[in-house]
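Residues per chain are reported as follows:
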Amino acid sequence: MSSHLQREDEAHRDAPTPGPAHCCRTVQSSGSTGTRIHVYTFIQSDSEKLPLLDNEMFHSIKPGLSAYADSPEMAGHTVRMLLKVAKKTVPRLEWKRTPVVLRATAGLRLLTTDKAQALLDQVQHVFDESPFLVPDNSVSIMNGTSEGILAWVSLNFLTGHLNAQTKKTVGILDLGGGSTQITFLPKMRKTIESIPVADYVARFDIFNSTFELYTHSYLGNGLMAARLATLGALVAEGLEWRTFKSSCLPKKFRDEWSFGGLTYRVSGDPDGYSGYKLCYQEVLKVVKGIIHQPYELKDSDVFYAFSYYFDRAVDAGLIDGVQGGMLEVRDFKKKAKEVCSKMAKNPLITPFLCMDMTYITCLLKDGFGFKESTVLQLTKKVNNVEASWALGATLDHFHNLKIH
Ligand SMILES: O=c1[nH]cnc2c1ncn2[C@@H]1O[C@H](COP(=O)(O)OP(=O)(O)O)[C@@H](O)[C@H]1O
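Residues numbered from 1 in each chain as written. Predicted model: local features only at pLDDT ≥ 70, side-chain atom pairs only at ≥ 80, totals over all residues.

We count it as follows: UniProt positions are given in the numbering used here, feature names are shortened, and annotations may be inferred rather than shown by experiment.
The name that an unreviewed UniProt entry assigns to the chain is nucleoside diphosphate phosphatase, with the source organism given as Channa striata. For the record of the chain, the UniProt heading Pathway (unreviewed entry) holds the text "Protein modification; protein glycosylation." Per its UniProt entry, the chain bears the Sequence similarities (unreviewed entry) comment "Belongs to the GDA1/CD39 NTPase family."

## Quick word on helix H2 (residues 73-89)
Stated precisely, the cut-off is as follows: Segments assigned H or I by DSSP are reported as helices when at least four residues long, segments assigned E as strands when at least two residues long, and all are numbered from the N terminus. Under the convention used throughout, the expected extent of a helix is 1.5 Å for every residue step, that is, one less than its residue count. Any residue whose C-beta has 12 or fewer other C-beta atoms within 10 Å is treated as exposed, any with 20 or more as buried, and any in between as partly exposed, C-beta atoms being built from the backbone. An arc is given here, and it is the one of the directions from the helix axis to the C-beta atoms.
Here H2 spans 25 Å end to end across 17 residues, near enough to the 24 Å set by a 1.5 Å rise per residue. Every buried residue belonging to H2 is among Ala75, Gly76, Thr78, Val79, Leu82, Leu83 and Ala86, and all of these are buried. Within H2, the buried residues cover an arc of 160 degrees as seen down the axis, which keeps them to one side. For H2, the exposed residues lying more than 90 degrees away from the buried face are Glu73 and Lys88.

## Section: the UniProt feature "binding site: ATP" (unreviewed entry) in the chain
The condition that has to hold: Two residues qualify as being in contact provided that their C-beta atoms, derived from the backbone, are within 7 Å of each other.
The UniProt entry lists Gly177, Gly178, Ser179, Thr180 and Gln181 under the feature "binding site: ATP" (unreviewed entry), expressed in the numbering used here. Counting through the fold element by element, Gly178 comes out in the loop between strand S6 (171-175) and strand S7 (179-184). According to the C-beta neighbour criterion, Gly178 is buried, with 28 such atoms within 10 Å. On the basis of neighbour counts, which here come to 31 C-beta atoms within 10 Å, the residue Thr180 falls in the buried class. Every residue in contact with Thr180, bar those within four places of it in the chain, is listed here: Asp174, Leu175, Tyr218, Asn221, Gly222 and Leu363.

## Comments concerning the nonpolar core
Selection rule: Under the definition applied here, buried Ala, Val, Leu, Ile, Met, Phe, Trp, Tyr and Cys residues are grouped into a nonpolar core through C-beta atoms within 7 Å. Domain segmentation is taken from an automatic or database assignment of domains.
Leu119, Val123, Ala305, Tyr309 and Cys354 are the most contacted members of the largest nonpolar core, which has 115 residues in total. Of all the elements, helix H11 (residues 353-368) adds the most residues to this core, at 10 residues. Counting contributing residues, this core receives three or more from each of domain 1 (3-142) and domain 2 (143-404). Dropping the residues within four chain positions of it, Tyr309 is found in contact with Leu173, Leu175, Ile360 and Leu378.

## Section: the packing of helix H9 (residues 308-315) against H11
Applied cut-off: Structural elements are reduced to axes, namely lines fitted to C-alpha atoms, with helices fitted over the stretch in contact, and the angle between N-to-C directions of any two is expressed from 0 to 180 degrees. Orientation is classified from the angle alone, with under 35 degrees giving roughly parallel, over 145 giving roughly antiparallel, 65 to 115 giving roughly perpendicular, and any other angle giving oblique. Whether a crossing is left-handed or right-handed is set by the direction in which the near helix is turned from the far one by less than a right angle, anticlockwise for left-handed and clockwise for right-handed.
Two numbers describe how H9 lies on H11: the axes approach to 11 Å, and their chain directions differ by 130 degrees. Classified by the angle between their axes, H9 and H11 sit oblique to one another. The handedness of the crossing between H9 and H11 comes out as left-handed. Here Tyr309, Arg312 and Asp315 of H9 lie close against H11, whose contacting residues are Leu353, Asp356, Met357 and Ile360.

## Examining the UniProt feature "active site" (unreviewed entry) in the chain
According to UniProt, the positions carrying the feature "active site" (unreviewed entry) are Glu147. We classify Glu147 as buried; it has 27 C-beta atoms within 10 Å.

This is the structure we're talking about:
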């Protein structure tokens with residue numbers, strides 16, 4: 001059993017009567033590839049300290065709400081299904097005091113304001129009809145800075161670094177469908193001084209400490225958005241008749257692929273070449289001149305990498321899907337080369353794996369500027385809790401982290 005959970009057990013045992021306050025909360029996170037619900041139960045025995053996380057219930061539904069940009073009623077249906085799960089998890093007597101919140105990320109950021117608002121209105125309507133507590137501002141699009149900070153808060157809470165006095169923390173790398181985030185606590189002043197514009201640094205307060213973090217979210221650099229850009233499919237016209245080709249796809253591959261409510265015809269380049277080198281040139285265009293390289297990254301401590309970093313490392317056979325594991329950046333590169341050279345043999349099994357692995361390699365190396373020897377901790381869950389910004393968002397709700 002993890003040390004974190006051991007501490008929770010101790011809290012149960014040592015609890016003074018009438019016992020620590022249990023509080024539950026449901027968070028719905030709405031991403032470009034799925035809508036998810038997290039129901040957290042905390043034990044808060046001392047309001048001056050961080051609560052202990054007793055339990056999480058997690059459930060997800062595909063596709064994301066942005067797929068319903070032209071049929072917003074369907075968004076209401078998704079949320080209703082997820083609230084059904086919440087009702088089964090939260091005891092009936094607690095419904096009225098259990099707040100529900102939905103935070104949308106890149107999927108909705110990428111839509112026009114009107115389309116995004118129509119989806120949010122549907123969600124608000126379903127929340128208002130629900131038996132849960134609906135706080136002010138319960139349904140909104142979260143900005144990229146909050147997304148990065150809250151993921152950092154989640155991972156550092158789960159790994160026990162937020163409570164510790166040492167100020168030793170872990171950095172986070174989050175690769176969503178629409179956007180990607182990097183957040184870490186810089187050790188050198190120069191990292192903050194050499195940022196290109198002010199929105200690469202954010203401060204937040206937690207009890208008596210202020211953290212000043214390097215954080216940035218790149219909209220359009222999530223894994224699915226990067227596929228679109230690599231394929232040259234960011235254009236909205238001609239989707240009915242155009243086929244988007246890439247040397248990152250198997251030469252004989254031809255299929256339809258959907259993202260954000262649109263469907264694209266995609267294929268390999270039957271008369272051309274395919275493979276890692278050409279693919280790298282294609283994905284480099286999505287990264288070059290866009291991703292800022294933090295000053296001190298090369299000597300940094302461990303980074304926790306989750307979401308699509310984890311999923312693709314599993315798909316490529318680099319790590320176990322339950323255990324996760326430590327990888328060096330060069331492992332992604334080596335595997336990308338291998339996958340790309342083998343893709344012709346079995347074009348239909350995982351046609352996008354060469355593109356995805358090459359993009360991840362390029363993002364880490366030429367994007368953020370990590371050394372090939374940098375170690376990444378690939379993680380899906382810590383102590384049985386999903387690695388996601390949703391936990392940080394919940395802590396923020398109860399402890400107002402004042403991100404500024
Ligand atoms: O709440 C979560 N729990 C677990 N995994 C999540 C959660 N949110 C996103 N992910 C993971 O992130 C990736 C897709 O992210 P998403 O669709 O939210 O991207 P976006 O925020 O860029 O739109 C997938 O690997 C998915 O499993």
